[in-house]
Amino acid sequence: MQVRIKENLFSAVFYDVDMDTFAFWLPLLLLFISALIGAVIKRRSCDHCLKKFQGNKILVPLHTGAWICGRLEVFAQGIELELSSEQQIGGILLQSHIIHSSEVDKLAYLIRQAPDSDTWQGVAWKKERERLLHPSIQDRMKRSVLNSYNMLRDSFGQAIKAIIGSISKDTKLAKSKDSDKRLHEVQTNLTGMVPNAWEPILEKYRGKKVAIEREIDNKIVVEAGILEDYSNKYLLLRDVHLTENTLKDHLLELGCSDACAYDVIYSRTKAALRFSLLN
């Protein structure tokens, strides 16, 4: 009888120790894994609107008032423009211009000139434009699958955030120094890592003629085009009709003809989709 009591007592003590150890290490393990996954995705992820201009010659007005023209390369933490003409500063020849993420956020728009219509690139551009206006059943199915995937991805990120919060709430980890701050950082990174990707009103007008509204020198400028895509940071419009005179003058100085068509990526902090147009 005494032996059984000792065995039960030993089992209870062992069970308590084991559960405390498990309750301490499991949140730590989840925090480490989620932080590692977040860091890998953050390092490799690029805005998909910017990626559509990858390798193309673009025009960028900086917040300083200067303009840059070059071939775009997109990174997770910024962009690089390979300069299309020879430039130098203080006798030093420049090959490219690097714009870091904090500076990219200040860009009002990125402009890509459409290729000449009598080239094969121009023919491909026109086909893409028509396909955007009149998507096939296959294209619609692909978009529907992509939207479903994005919604599931968002739900997955929110679920992981909730699981980490609930598991670590009543454990020894929650009582350690700065644990709340670290948990909040990881949870915030998970939410930012999986942003809401599907917006009903923008999805409704994808492939439709729309007009954006932006403010320049206390004046409202309206520019029309075809909404190709969007992200939480940008709106991508095809075949944009540029109306800002100063902007058109800069484009002419950079070698673009007045009859050119343009594709533009607008920053959503600087512009908003305001009108739908008759097709």
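As the structure is a prediction and not an experimental result, all values here were calculated from the model.

Each value, and the rule that gives it
Residues numbered from 1 in each chain as written. Predicted model: local features only at pLDDT ≥ 70, side-chain atom pairs only at ≥ 80, totals over all residues. Heavy atoms only, no water. Core = buried A, V, L, I, M, F, W, Y, C linked by side-chain atoms within 4.5 Å. Buried < 20%, exposed > 50% of the residue type's maximum accessible area, 1.4 Å probe, protein only. Helix = DSSP H or I, 4+ residues; strand = E, 2+ residues; numbered from the N terminus. Pairing = 2+ DSSP bridges. Contact = heavy atoms within 4.5 Å. Salt bridge = Lys/Arg side-chain N within 4 Å of Asp/Glu carboxyl O. Expected span 1.5 Å × (residues − 1). Arc of directions from axis to C-beta. Axes fitted to C-alpha atoms, helices over the stretch in contact; angles between N-to-C directions.

Caption draft 1: Representation of the nonpolar core in the model. If you look at the biggest cluster of nonpolar residues, it comprises 20 residues, and the most contacted ones within it are Ile 111, Leu 237, Leu 242, Val 264 and Tyr 266. Put simply, the parts of the chain that give this core at least two residues each are β5 (109–113), β6 (209–216), β7 (219–230), β8 (234–241), α9 (245–253) and β9 (262–267). Among the nonpolar cores identified, the runner-up in size contains 19 residues, and Ile 68, Val 74, Ile 99 and Leu 110 belong to it.

Caption draft 2: Structural view of the pairing of β9. In terms of burial, β9 is largely enclosed, as six of its six residues are buried. Burial along β9 is two-sided: the residues Tyr 262, Val 264 and Tyr 266 and Asp 263, Ile 265 and Ser 267 are all buried. Pairing geometry for β5 and β9, over five bridges, is antiparallel. Residue pairing in the sheet places Arg 112 in a bridge with Asp 263 of β9. When β8 meets β9, the two strands line up antiparallel, connected through five bridges. Note on β9: the bridge partner recorded for Tyr 234 is Ser 267.

Caption draft 3: Layout of the environment of Gln 87. Topologically, Gln 87 is positioned in strand β3 (residues 78–89). Of the residues examined, Gln 87 reaches a relative accessible area of 33% and is grouped as partly exposed. Residues contacting Gln 87, with those up to four places away along its chain left out, are Ile 92, Leu 93 and Leu 94.

Caption draft 4: Quick look at the pairing of strand β1 (residues 57–61). Within β1, four of the five residues are buried, which leaves it mostly tucked inside the rest of the structure. Examined bridge by bridge, β1 and strand β2 (residues 67–75) share five bridges and lie antiparallel to one another. Its bridge partner being in β2, Lys 57 is matched across the sheet by Arg 71. Linkage of β1 to β2, two consecutive antiparallel strands, is achieved through a turn of five residues, within which Gly 65 is found at a positive phi near 105 degrees. When β1 meets β5, the two strands line up antiparallel, connected through two bridges. If you follow Leu 59 over to β5, its bridge partner there is Ile 111.

Caption draft 5: Geometry of the pattern of salt bridges. Evaluation of the coordinates by the stated rule reveals 12 salt bridges. Here Lys 52 and Asp 229 are joined by a salt bridge, their closest N and O atoms 3.0 Å apart. One end of the pair, Lys 52, is in the loop between α2 (48–51) and β1; the other, Asp 229, is in strand β7, and 177 residues separate them in sequence. The class of Lys 52 is partly exposed, set by a relative accessible area of 32%. Given the relative accessible area of 5%, Asp 229 is considered buried. Here Arg 274 ties to Glu 213 by a salt bridge, and the two come within 3.1 Å at their closest N and O atoms. Linking Arg 274 in strand β10 (residues 271–276) with Glu 213 in strand β6, this pair joins segments that are 61 residues apart in sequence. Taken together, the shared-partner salt bridges in this structure form one network comprising Lys 52, Arg 112, Glu 128, Glu 228, Asp 229, Arg 238 and Asp 263.

Caption draft 6: Region of the structure containing helix α4 (residues 120–133). Look at α4: 20 Å from first C-alpha to last across 14 residues, which is about the 20 Å you get at 1.5 Å a residue. Residues of α4 that are buried: Gly 122, Trp 125, Arg 129, Leu 132 and Leu 133. What you see down the axis of α4 is that its buried residues fit within an arc of 100 degrees, all on one side. Facing away from the buried surface of α4 by more than 90 degrees, the exposed residues are Trp 120 and Lys 127.

Caption draft 7: View of the sheet that holds β3. Read from one edge to the other, the open sheet built from 10 strands follows the order β4-β3-β2-β1-β5-β9-β8-β7-β6-β10, with strand pairing classed as antiparallel. Among the strands making up the open sheet, the edge pair consists of β4 (92–100) and β10. Neighbour-to-neighbour, the strand axes of this sheet turn through a mean angle of 40 degrees, independent of strand direction. Contacting β6, β7, β8 and β9, α4 runs over the sheet at an angle of about 115 degrees to β8.

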